[in-house]
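Report on the structure
So the chains spell out like this:
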Amino acid sequence: EYQVMKTVPNTGLAVTADLGNMKNIHYTRKKEVGDRLAQIALARDYGEKGLVYKGPEAQQANVENGKGIVTFEPSASGLASGGPSLKGFELGYRAPAGDSLLFVPAEARIEGNKVIVWNDQVKDPVEIRYAWLLVGEANLSDAAGLPAFPFRMNIAGKNLALHMPVYANSENSRYPASNVTHGRITRQSKWMSGDVQPPHVLEIELRKAGNSHRVNV
């Protein structure tokens with residue numbers, strides 16, 4: 001739904017996770033749902049000025065000293081917490097076998113238009129998600145009370161293909177792939193296609209690695 005809003009013209013999305021019952025998909029607070037949808041139309045289609053019509057949207061995620069840093073789009077009313085502590089964030093890290101990600105709840109705090117996310121047991125996070133599994137606890141909003149959009153985001157600079165199973169059909173038999181241990185990619189992995197006819201196919205198993213939006217080969 002979020003991707004539809006971002007890619008299809010003239011569409012909007014109201015976040016309503018704070019209005020429902022996690023055990024019942026039928027909203028009892030229907031007026032508030034309608035009000036939020038109406039705000040989108042009034043601000044975007046009818047030109048009403050100064051109307052805050054959407055909550056915070058995450059732009060990117062980075063890591064510094066083992067802590068995740070989520071930067072949000074500039075908000076008309078800033079970031080706010082719906083309680084004494086910020087909840088709903090999780091950090092993802094590689095499983096010991098290297099073929100999947102494990103997620104654990106994380107602590108979080110607001111710093112300007114950023115949220116700092118950490119768990120003392122996670123030293124090398126590769127992904128951050130919010131209002132995903134812990135949607136019932138999520139309480140990040142703007143100062144106007146509109147909840148933040150749920151997200152699952154790769155941390156910038158983290159190479160999700162690293163150590164993933166790989167197959168290359170265009171590998172030159174005279175020059176086998178180097179620095180590929182047990183069929184897995186390392187930072188020094190190389191392939192030489194030589195005189196092999198196209199197509200050159202490089203398959204990297206990412207299904208268990210996380211929510212991947214781009215692969216550079």
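Refer to the preceding data block for the structure.
These notes cover the structure that comes with them. Predicted model only: the values in this text are computed from it and were never measured. Numbering of residues starts from 1 in each chain and follows the order in which that chain's sequence is written. Residue-level local features of this predicted model are given only where pLDDT is at least 70; pairs of side-chain atoms are given and counted only at 80 or more, and the full residue set underlies all totals for whole chains, interfaces and linings. Hydrogens are left out, water is left out, and the side-chain values use all remaining heavy atoms of the structure.

**What about the overall build of the protein chain?**
Each helix and strand in the protein chain was counted, giving two helices and 12 strands. In this description a helix means any DSSP run of H or I spanning at least four residues, a strand means any run of E spanning at least two, and both kinds are numbered starting from the N terminus. Helices and strands appear in the protein chain in the N-to-C order α-α-β-β-β-β-β-β-β-β-β-β-β-β. Between buried and exposed lies partly exposed: a residue is buried under 20% and exposed over 50% of the maximum accessible area for its type, with that area taken using a 1.4 Å probe on protein chains only. Here the protein chain holds 217 residues, and 33% of them are scored as buried. Residue contacts are counted whenever heavy atoms from the two residues lie within 4.5 Å of one another. At a minimum sequence separation of 6, the contacts of the protein chain that also span at least 24 residues come to 60%. For accessible areas, the Shrake-Rupley method is used with a probe of radius 1.4 Å. Any residue's cover is judged against the shown protein chains and nothing else. Carbon together with sulfur atoms contributes 51% to the accessible area of the protein chain, which is approximately 13300 Å² in total.

**Remarks on the packing of aromatic side chains**
Aromatic pairing here means that ring centres of Phe, Tyr or Trp (its six-membered ring) are within 6.5 Å. Orientation follows from the plane angle: under 30 degrees is stacked, over 60 is edge-to-face, and everything else is tilted. Taken as a whole, this structure holds five aromatic pairs when the rule is applied. Measuring from ring centre to ring centre gives 6.2 Å for Phe72 and Phe151, while their planes differ by 75 degrees; the resulting arrangement is edge-to-face. On the criterion of sequence distance, the pair formed by Phe72 in strand E2 (residues 67-72) and Phe151 in strand E10 (residues 151-154) is long-range, its members being 79 residues apart. Of the two residues examined, Phe72 and Phe151, each falls in the buried class. Through pairs of rings, three or more aromatic residues link up here, namely Phe72, Phe89, Tyr130 and Phe151.

**Overview of the nonpolar core**
One finds Phe72, Phe89, Val115, Val117, Ile128, Leu140 and Phe151 to be the most contacted residues of the largest nonpolar core, which totals 22 residues. Secondary structure elements with two or more residues in this core: strand E1 (58-64), E2, strand E4 (89-94), strand E7 (114-118), strand E8 (127-130) and E10. Once you skip the residues sitting within four places of it in the chain, Phe151 turns out to touch Ala58, Val70, Phe72, Phe89, Ile128, Arg129, Tyr130 and Trp132. To define a nonpolar core, start from buried Ala, Val, Leu, Ile, Met, Phe, Trp, Tyr and Cys residues and group those joined through side-chain atoms within 4.5 Å.

**What to know about helix H2 (residues 30-44)**
In this model H2 runs 22 Å from its N-terminal to its C-terminal C-alpha over 15 residues, within 8% of the 21 Å that 1.5 Å per residue would give. Turning to H2, its buried residues number three or more, namely Val33, Arg36, Ile40 and Ala43. Around the axis of H2, the buried residues are gathered within 110 degrees of arc, so they sit on the same side. Turned more than 90 degrees off the buried face of H2, the exposed positions are Lys30 and Lys31. The span you would expect from a helix comes to 1.5 Å times its residue count less one. This arc corresponds to the set of directions leading from the helix axis out to the C-beta atoms.

**Notes on the pattern of salt bridges**
Whenever a carboxyl oxygen of Asp or Glu lies within 4 Å of a side-chain nitrogen of Lys or Arg, that contact is scored as a salt bridge. All told, the structure shown has nine salt bridges when counted by the stated rule. The salt bridge involving Arg36 is made with Asp18; its shortest N-O contact spans 2.9 Å. Taken together, the residues span a long stretch of sequence, with Arg36 in helix H2 and Asp18 in the loop between helix H1 (2-7) and H2 at a distance of 18 residues. Of the residues examined, Asp18 reaches a relative accessible area of 36% and is grouped as partly exposed.

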